[in-house]
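Chains, contacts and geometry: an overview
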Amino acid sequence: MSQFPRGKTSVVGAATFGLGEAPGFTALELAAGASLAALDDAGMSLKDVDGLFVALPEDQFSGLSLSEYFGIHPAITDNNRVGGSSFQTHAIVAALALQAGLCNVALIAYGSNQRSAAGRLVTPTRPFPYEGPYKPTYPISAYALSAARHMYQYGTTRRQLAEVAVSARAWAQLNPEAFVRDPLSIDEVLASRMVSDPLSVRDCCLVTDGAAAIVMTRADRARDTRHKPVHLLGGAAATTHRNIMAMQDLTVTGAADSGRRAFEYAGLTPADVDVLQLYDAFTINPILFLEDLGFCKKGEGGAFVEGGRIAPGGELPVNTNGGGLSCTHPGMYGLFTMVEAVRQLRGDTGARQVKDAKVALAHGNGGTLSSQATLIFGTEETL
């Protein structure tokens, strides 16, 4: 089996910009703001960037647009778009390009002004002709199908789904950047307006503005940057379908494949992970991913999250920034999981810091459970 360049590349800069509401900014301007902040965090500048990875929501040529905006001429430009997992796939390609010497400094960026511009979640997903007569609301109805099947097949309850939302809110209350920090109870989640049965409005991610960026370079160069580097130990992606009607099993995602390979590349197991950042567009997502990534058995995810297990003070910290449910969700969330993973391993997340965190997993989800991508990061001690 081909080998991932374990620990050969590192994240040396990470930043967010314009989280929540950022009226007056275009998506490109938001991505640019996060990019400049991440480069400053790394002690670098635009002239150092020769690899650019970006996927803006409304611009299919965003790699060209951001290059032009910055006035740079990167040797590698990647605009791969598979939804919210795009940025994990960017990191995998960046690691390979860096290791091969095709570029020296890779910038991965994203920005969206969905809240200010549209005021709602904008998705390119449309009902397939066979689904149209049932008038689904996309993307939520696709995830509602998965949640309903999981409930039917394994006895998962709405209260267990609510545990995910409440845990995310508890983490958000420790994060000054989080968009929503009001207290939230399980009963309030259960009583909230139903959007697509069995998912209520509190089972759904936020709609915000915001941007994120990370800077990657080779590990030997990373030791000369501003902060202690966070090393990429393993990464893998898996695509299973486009439309939800083509998903072979509504309770099993491609994370079962991407996670297995990412752990193999990293030489680690789920038991080695100190903190998880999971793509939580809907409350069913973390339950599916905890199962598929190997943190519990299939069908046990609902019971696994009970009792604050993934909340502050629980045995497995999940979505320590508040996630897409309570921190930010500007259309595509995958890059924000990566920023939070890096911040946790650098030890600079303040009140929400996971003590002695050495290994972090950042997982992205794209489409309607269509594309899954898993990254495993580690500190110097893990090399």
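The residue numbers shown here count from 1 along each chain, following its written sequence. Thresholds applied to this predicted model are a pLDDT of at least 70 for local features of residues and 80 or more for the giving and counting of side-chain atom pairs; totals over whole chains, interfaces and linings are not thresholded and use all residues. Hydrogens and waters are ignored; side-chain quantities use all the structure's heavy atoms.

1. Considerations on the overall build of the chain
Definition in use: A run of DSSP states H or I qualifies as a helix once it reaches four residues; a run of E qualifies as a strand once it reaches two. Both are numbered from the N-terminal end. Only C-alpha atoms enter the radius of gyration; for comparison, a globular chain is expected to reach 2.2 Å times N to the power 0.38, where N is the number of residues.
When you go through the chain residue by residue, the secondary structure sums to 13 helices and 11 strands. Its C-alpha atoms give the chain a radius of gyration of 19 Å, within 12% of the compact-globule value 21 Å for 383 residues. Based on the C-alpha atoms only, the size of the chain along its principal axes is roughly 50 × 40 × 40 Å.

2. Let's talk about the UniProt feature "domain: Thiolase C-terminal" (unreviewed entry) in the chain
Counted only if it meets this: UniProt positions are given in the numbering used here, feature names are shortened, and annotations may be inferred rather than shown by experiment.
This chain's UniProt record puts "domain: Thiolase C-terminal" (unreviewed entry) on residues 236-379. Secondary structure over residues 236-379 splits into 29% helix and 16% strand, and the C-alpha atoms at its two ends are 19 Å apart.

3. Points about unusual backbone geometry
Residue P139 is bonded to the preceding Y138 through a cis peptide linkage, with omega at 5 degrees. Counting through the fold element by element, P139 comes out in the loop between α4 (114-117) and α5 (140-154). The step from D197 to P198 runs through a cis peptide bond, and the omega angle for that step is 15 degrees. Position of P198 relative to the elements: it lies in the loop between β5 (194-196) and β6 (199-200).

4. Considering the nonpolar core
Filter applied, for reference: Buried Ala, Val, Leu, Ile, Met, Phe, Trp, Tyr and Cys residues form a nonpolar core when they are joined through side-chain atoms within 4.5 Å. Relative accessibility thresholds used throughout: buried, under 20% of the residue-type maximum; exposed, over 50%; partly exposed, between the two (1.4 Å probe, protein chains only).
If you look at the biggest cluster of nonpolar residues, it comprises 85 residues, and the most contacted ones within it are I214, M216, L290, F295 and F377. Residues A22, L30, L39 and V54 belong to the second largest nonpolar core, which totals 26 residues.

5. Overview of the sheet that holds strand β3 (residues 76-78)
Quick reminder of the rule: Only strands joined by at least two bridges in the DSSP assignment are considered to pair. Axes, fitted as lines to C-alpha atoms, cover a helix only where it is in contact. Angles between the N-to-C directions of the axes lie from 0 to 180 degrees.
Read across the open sheet, the nine strands follow the order β3-β2-β4-β7-β1-β8-β11-β10-β9; overall the sheet is mixed. Of all strands in the sheet, those with a lone pairing partner are β3 and β9 (275-277), marking the two edges. Taken pair by pair, the neighbouring strands of this sheet meet at an average axis angle of 20 degrees, ignoring direction. As defined by bridge partners, strand β2 (residues 51-54) adjoins β3 across three bridges and the pair is classed as parallel. Of the residues in β3, the one forming a bridge with G51 is I76.

6. Quick look at the pairing of strand β4 (residues 105-112)
By the criterion of burial, β4 is predominantly enclosed, with eight of the eight residues buried. Alternating residues of β4 divide into V105, L107, A109 and G111 and A106, I108, Y110 and S112, and every residue in both groups is buried. In the sheet, β2 pairs with β4 via four bridges, with the strands oriented parallel. Across the sheet, residue V54 finds its bridge partner in β4, namely A109. Relative to strand β7 (residues 209-218), β4 is paired through eight bridges, and the arrangement is antiparallel. Paired with A106 across the two strands is M216, which belongs to β7.

7. Thoughts on the environment of T240
Looking at the element boundaries, T240 is found in the loop between β8 (230-239) and α9 (255-266). When the C-alpha positions of T240 and P133 are compared, they lie 25 Å apart, and in sequence the two are 107 residues distant.

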